[in-house]
Amino acid sequence: MDATQVSELRGFIDECKSNPRILHHPSLLFFKSYLQSLGAQLPPEVKSETGGEAEMSSTREDSDSSKPSENDDDIVESDVELDNADVMEPDNDPPQKMGNPAVEVTEENQDAAQVEKAKAVEALSEGRFSEAIDHLTDAVMLNPTSAILYATRGSVYLKMKKPNAAIRDASAAMEINPDSAKAYKVRGMAKAMLGQWEEAANDLHVASKLDFDEEIGSILKKVEPNVHKIREHHKKYERLRKERHLRNAEREKKRQVEALVTFVFASIRTGQVMGIHSTGELDTKLNAASRASRLAVLYFTATWCGPCRVISPLFTSLAEKYPKVAFLKADIDEARDVAGRWNISSVPTFFFIRKGKEIDQVVGADKNGLERKLQQHAAA
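No experiment lies behind these values; they were computed from the predicted model shown.

Novice: A description of the state of the cysteines should follow, citing residues and the corresponding values.
Specialist: Cysteine pairs can be linked by a disulfide, which is a covalent bond between their two sulfur atoms. Evaluated as defined, the whole model comprises 1 disulfide. A sulfur-sulfur separation of 2.5 Å characterises the disulfide bridge that pairs Cys-305 with Cys-308. Looking along the S-S bond of the Cys-305-Cys-308 disulfide, the torsion reads about 80 degrees, which is the right-handed sense. We note that Cys-305, like Cys-308, is buried.

Novice: Any details on the pattern of salt bridges? Residues and values, ideally.
Specialist: Inspection of the entire model under this criterion finds 19 salt bridges. Linking Glu-215 and Lys-185 is a salt bridge whose minimum nitrogen-to-oxygen distance equals 2.7 Å. Here Glu-215 is found in helix α10 (residues 214-268), whereas its partner Lys-185 is found in helix α8 (residues 181-193), with 30 residues between them in sequence. Glu-215 gets classed as partly exposed once you look at its relative accessible area, which sits at 40%. With a closest N to O distance of 3.3 Å, Glu-281 and Lys-285 form a salt bridge.

Novice: Before we move on, can you summarise the nonpolar core with the specific residues and values?
Specialist: Soluble globular proteins: nonpolar side chains tend toward being buried together. Leu-158, Ala-166, Ala-173, Ala-183, Trp-197, Leu-204 and Val-223 are the most contacted members of the largest nonpolar core, which totals 41 residues. Put simply, the parts of the chain that give this core at least two residues each are α4 (107-125), α5 (129-142), α6 (147-159), α7 (163-176), α8, α9 (197-211) and α10. Beyond its immediate sequence surroundings of up to four residues, Ala-166 is in contact with Gly-154, Tyr-157, Leu-158, Val-186 and Ala-190. Counting residues in each nonpolar core, the second largest holds 38 residues, with Leu-286, Cys-305, Ala-319 and Val-338 among its members.

Novice: Requested: an account of the sheet that holds strand β2 (residues 295-301), with residues and values cited.
Specialist: Hydrogen bonding along the main chain pairs the strands of a sheet, whether they run parallel or antiparallel. Spatially, β1-β3-β2-β4-β5 is the arrangement adopted by the 5 strands of the open sheet, whose pairing is mixed. Looking at strand neighbours, the two that pair on one side only are β1 (273-276) and β5 (357-363), the edges of this open sheet. Strand-to-strand, the axes of this sheet are offset by a mean angle of 25 degrees, without reference to chain direction. Bridge count for strand β4 (residues 349-354) against β5 is 6 bridges, and the pairing is antiparallel. Each residue of the ladder has a partner; that of Phe-352, found in β5, is Asp-360. Against the sheet, helix α12 (residues 306-321) touches β1, β2, β3 (326-331) and β4, its axis set at about 160 degrees to β2.

Novice: Give me the UniProt feature "repeat: TPR" (unreviewed entry) in the protein chain: which residues, what numbers.
Specialist: Mapped onto the present numbering, the UniProt feature "repeat: TPR" (unreviewed entry) falls at residues 147-180. Within residues 147-180, the helical portion is 79% and the strand portion 0%, while the C-alpha atoms at the span's ends are 7 Å from each other.

Novice: Residue-level account of unusual backbone geometry, with values.
Specialist: With an omega of 0 degrees, the peptide bond between Val-347 and Pro-348 qualifies as cis. Relative to the helices and strands, Pro-348 is located in the loop between α13 (336-341) and β4.

Novice: Would you mind going over the pairing of β3 in detail, with residue names and values included?
Specialist: Consecutive side chains of a regular strand alternate in pointing toward one face of the sheet and then the other. When you tally the buried positions in β3, you get 5 out of 6 residues, the bulk of the element. Here β1 runs beside β3; their pairing, made up of 4 bridges, is parallel. If you follow Val-273 over to β3, its bridge partner there is Phe-327. Where β2 lies against β3, 6 bridges are found, and the strand directions are parallel. Looking at the pairing, Phe-300 lines up with Ala-330 of β3. In this view, the connection linking β2 to its parallel neighbour β3 by way of α12 has right-handed handedness.

About the cut-offs
Residues numbered from 1 in each chain as written. Predicted model: local features only at pLDDT ≥ 70, side-chain atom pairs only at ≥ 80, totals over all residues. Heavy atoms only, no water. Disulfide = S-S within 2.5 Å. Buried < 20%, exposed > 50% of the residue type's maximum accessible area, 1.4 Å probe, protein only. Salt bridge = Lys/Arg side-chain N within 4 Å of Asp/Glu carboxyl O. Helix = DSSP H or I, 4+ residues; strand = E, 2+ residues; numbered from the N terminus. Core = buried A, V, L, I, M, F, W, Y, C linked by side-chain atoms within 4.5 Å. Contact = heavy atoms within 4.5 Å. Pairing = 2+ DSSP bridges. Axes fitted to C-alpha atoms, helices over the stretch in contact; angles between N-to-C directions. UniProt positions renumbered as here; feature names shortened; annotations may be inferred. Right-handed = clockwise from strand over helix to strand, strands pointing away.

In structure tokens:
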């Protein structure tokens, strides 16, 4: 927290001390709850007999009406136009038989498995896919430690348009041999058949690095354009979500600032002279008056100043007479930083301020001049 924020916070706390009723405003519920959680005792809420409660309600309604609808920033993702011409419905057959790769395989079983694999290759060459699956299943059960048997059976499932079965076999092969190029190729092709483009691309790129062939390159030419579209789509909506987050954060920051200004200005409209003890407190109140398009009168005084004691009662009565003007009072010995900023060389001095800028001043205990200029600028 920088020095300016600390100064503003000090100003807000000073305002709470001088006008505790602002703590009961609904928009400060979070702060009120925090104070109570620490064991703080707050003054009872008192409804104003002069319309203060109505003013607070009006402020609340204005705040609610200016609050953006939650639907204003709803992000509804559009569909991505992909080439899904060859995408198929997933196969939902019961899972195929899997061997136990932890068992010890004898040489006899290995030889028998190779015989079954040879029969499968022969059946496959003649287009008898189901028979090839049966022979490969027998081979897998005989030698469940062979990654190539699982990958080969998976490739047959691809030809039978059963991508889920192919994925199961390819994944089993990878558990046995994480560097099985054929297993990555089979699984990548199967995922492409299901339209799982990003996963397909990942597997096919691994297969390509392990053992590139033309078929992998051909499939990637179809997969990669879809992957590019999907990733660009994700980037677009991630950017939109970040922008929405920044907008909401900015709105929340603005809401908190405006809430603080509203609470401070609620005390400005009470027709009372408000003491200024720091530049942060002054900035907060001038900001509140500026946002409400109100005139502010800043009065510099000192306890040892005789003319100040003469004109102070008039300043107090003018505050009651002009309730829509912010009357601010700073003791130059107490608020030295404020006096220094305004280059005070004598007291009493009165500055007329609108929208944060000085528009006029009165130096000395000139009662007629003070009231005349106040009447002039308050009516502007």
